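# Chain and residue survey
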Amino acid sequence: MNIIYKSFFKKKTTKIYLWIFISLGIVFSFLIIARKYLIIKSNEAYPESFLVMSSKDNINLENEKNIKSYNKAINVDCNNHLTNVFITEHKPIFTNESEEYLNCNINNYIIEYTHVKNINIIKNPDLYNSLKDSQEEFYYFISLKSWFDKNKTAQYLSDKYHTEVGIEEYKIDSMDYKNIIVITDLFIKISILLFVILSIITIANIIIDEKKNNFLYYALGYSKIKIISININKIFLIIVIPLCILTLSSVLIYFM
């Protein structure tokens, strides 16, 4: 039996098949790793971008997919049309650094805010607790794990909680990672399509190439089921094993 497989792997066509599938596996692994890297860089380009929504209900977003952190906040009136001020009891998902701060007095609590963005989130647990029972709605400011998936996450939250979800985007990098990721996804799909097409062609060629050997195996006393099993094993060895090894390595690297 070992002689059968040794002779199969010594054939020139077999070596070509192996080279094709290993090469395709390397390309696929590279694309998966590149996609992860680009998503990381994309997230780094939007460190203070966030989603925002409001609701009359008490919502817990801790276990929602793609949500890194969030602030449940109360809007307070600082009589300033240039920015909006929100009070939360936890650390804000972003801060507005400025050399000039404005003051606002709410229920004898002095709040400092800026005009850097049109939204200020201020941590003040005491003021938050004094106001929360009288509020008709709360605002939720949401930081994402993957900013690339912001539209999907916004739509998901909108559908689940029956509210409009706004997207506040602040970019610090000029690189257009989104289009590069889209192109990478396209190449990944092309690689998968090539794998399917090449697998079909390879299987057909192996079946045709092995017809003479099948007759020899039958003459040596192998049953038809055994001959079919040998051919299946050859196909498995030449296609599945190289790709399994490369795919497993890329998955491990992807989740590192």
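In the block above lies the structure referred to throughout.
The present account deals with the structure reproduced in this document.

## Focus on the overall build of the chain
Across its full length, the chain carries seven helices and eight strands. On C-alpha atoms alone, the chain measures out to a radius of gyration of 30 Å, which is more than a quarter above the 18 Å that the 2.2 N^0.38 rule sets for 256 residues. With the principal axes as the frame, the chain shows a C-alpha extent of 100 × 35 × 25 Å. Counting only residues that meet the buried cut, the chain has 39% of its 256 residues in that class. Once local pairs closer than 6 in sequence are excluded, the contacts in the chain between residues at least 24 apart make up 74%. Summed over its atoms, the accessible surface of the chain is roughly 16000 Å², and 60% of this surface lies on carbon and sulfur atoms. When the 28 basic and 25 acidic side-chain charges of the chain are each reduced to a single mean position, those positions are 24 Å apart.

## Quick word on the state of the cysteines
One way to say it: the disulfide is the covalent bond shared by the sulfur atoms of two cysteines. Taken as a whole and assessed by the stated rule, the structure comprises one disulfide. Sulfur-sulfur distance for the disulfide between Cys-78 and Cys-104 comes to 2.2 Å. Handedness here is read from the sign of the S-S torsion; for Cys-78 and Cys-104, about -100 degrees, the answer is left-handed. In this pair, Cys-78 is assigned in the loop between strand S2 (67-76) and strand S3 (84-88) and Cys-104 in strand S4 (residues 102-106), connecting sequence segments 26 residues apart. For Cys-104, a relative accessible area of 6% gives the class buried.

## Considering the packing of helix H2 (residues 12-44) against helix H5 (residues 177-209)
Put simply, H2 and H5 touch, their axes get as near as 10 Å, and they point 165 degrees apart. Comparing the axis directions of H2 and H5 gives the class roughly antiparallel. Note on packing geometry: the crossing formed by H2 with H5 is left-handed.

## Remarks on the nonpolar core
Grouped together as the largest cluster of nonpolar side chains are 35 residues, with contacts concentrated most on Met-53, Leu-61, Ile-111, Ile-142 and Leu-157. If sequence neighbours within four positions are ignored, Met-53 has contacts with Ile-59, Leu-61, Phe-138, Tyr-139, Tyr-140, Ile-142, Leu-157, Tyr-161, Thr-163, Glu-164 and Val-165.

## Concerning the environment of Ile-201
With respect to the helices and strands, the residue Ile-201 is situated in helix H5. Along the backbone, Ile-201 and Lys-178 are 23 residues apart, and their C-alpha atoms lie at a distance of 35 Å.

## Let's talk about the sheet that holds S3
Here we have six strands laid out as an open sheet, ordered S6-S3-S2-S7-S1-S8, and mixed in their pairing. Across the chains shown, the open sheet's two edge strands, defined by having one partner strand only, are strand S6 (119-123) and strand S8 (165-168). When strand polarity is set aside, the average angle formed by the axes of neighbouring strands in this sheet is 35 degrees. Alignment of S2 against strand S7 (residues 138-144), held across six bridges, turns out to be antiparallel. Following the sheet pairing, Ile-67 is matched in S7 by Leu-144.

## Focus: the layout of surface pockets
What the largest pocket holds in volume is close to 370 Å³. Put simply, the parts of the chain that give the lining of the largest pocket at least two residues each are H2 and helix H4 (150-161). Counting residues per element, the lining of the largest pocket draws most heavily on H4, which supplies three residues. Across the lining of the largest pocket, the residue classes tally to two nonpolar, three polar and five charged. What lines the second largest pocket is a set of 15 residues, among which Tyr-46, Pro-47, Lys-68, Ser-143 and Leu-144 lie closest to the centre. The greatest single-element share of the lining of the second largest pocket, amounting to three residues, is contributed by H2.

## Focus: the pairing of S7
Within S7, six of the seven residues are buried, leaving the element largely enclosed by the surrounding structure. Here strand S1 (residues 50-55) runs beside S7; their pairing, made up of five bridges, is antiparallel. Opposite Ser-54, over in S7, you have Tyr-139 as the bridge partner.

## Some details on H4
Taking 1.5 Å per residue, 12 residues should reach 16 Å; H4 reaches 16 Å between its end C-alpha atoms and fits that length. Along H4, the residues classified as buried are Lys-150, Thr-153, Ala-154, Leu-157 and Tyr-161. Here the buried residues of H4 occupy an arc of 100 degrees about the axis, which is enough to place them on one side. The secondary structure elements touched by the buried residues of H4 are S1, S2, S7 and S8. Phi turns positive one or two residues past the end of H4, at His-162, with a value near 55 degrees.

What counts as what
- Residues numbered from 1 in each chain as written.
- Predicted model: local features only at pLDDT ≥ 70, side-chain atom pairs only at ≥ 80, totals over all residues.
- Heavy atoms only, no water.
- Helix = DSSP H or I, 4+ residues; strand = E, 2+ residues; numbered from the N terminus.
- Rg over C-alpha atoms; globule rule 2.2 N^0.38 Å.
- Buried < 20%, exposed > 50% of the residue type's maximum accessible area, 1.4 Å probe, protein only.
- Contact = heavy atoms within 4.5 Å.
- Areas by Shrake-Rupley, 256 points an atom, 1.4 Å probe, with all protein chains shown as cover.
- Lys, Arg positive; Asp, Glu negative; His and termini not counted.
- Charge placed at Lys NZ, Arg CZ, Asp CG, Glu CD.
- Disulfide = S-S within 2.5 Å.
- Axes fitted to C-alpha atoms, helices over the stretch in contact; angles between N-to-C directions.
- Parallel < 35°, antiparallel > 145°, perpendicular 65-115°, else oblique.
- Left-handed = near helix turned anticlockwise from the far one by under 90°.
- Core = buried A, V, L, I, M, F, W, Y, C linked by side-chain atoms within 4.5 Å.
- Pairing = 2+ DSSP bridges.
- 1 Å grid on protein atoms, 1.4 Å probe; cavity = no way out; pocket = protein on both sides within 12 Å on 5 of 7 lines; lining within 4 Å.
- Points joined across faces, edges and corners; volume = space filled by probe spheres on them.
- Nonpolar A, V, L, I, M, F, W, Y, C, P; charged D, E, K, R; others polar.
- Expected span 1.5 Å × (residues − 1).
- Arc of directions from axis to C-beta.

Geometric descriptors of this kind do not, in isolation, establish any biological role.
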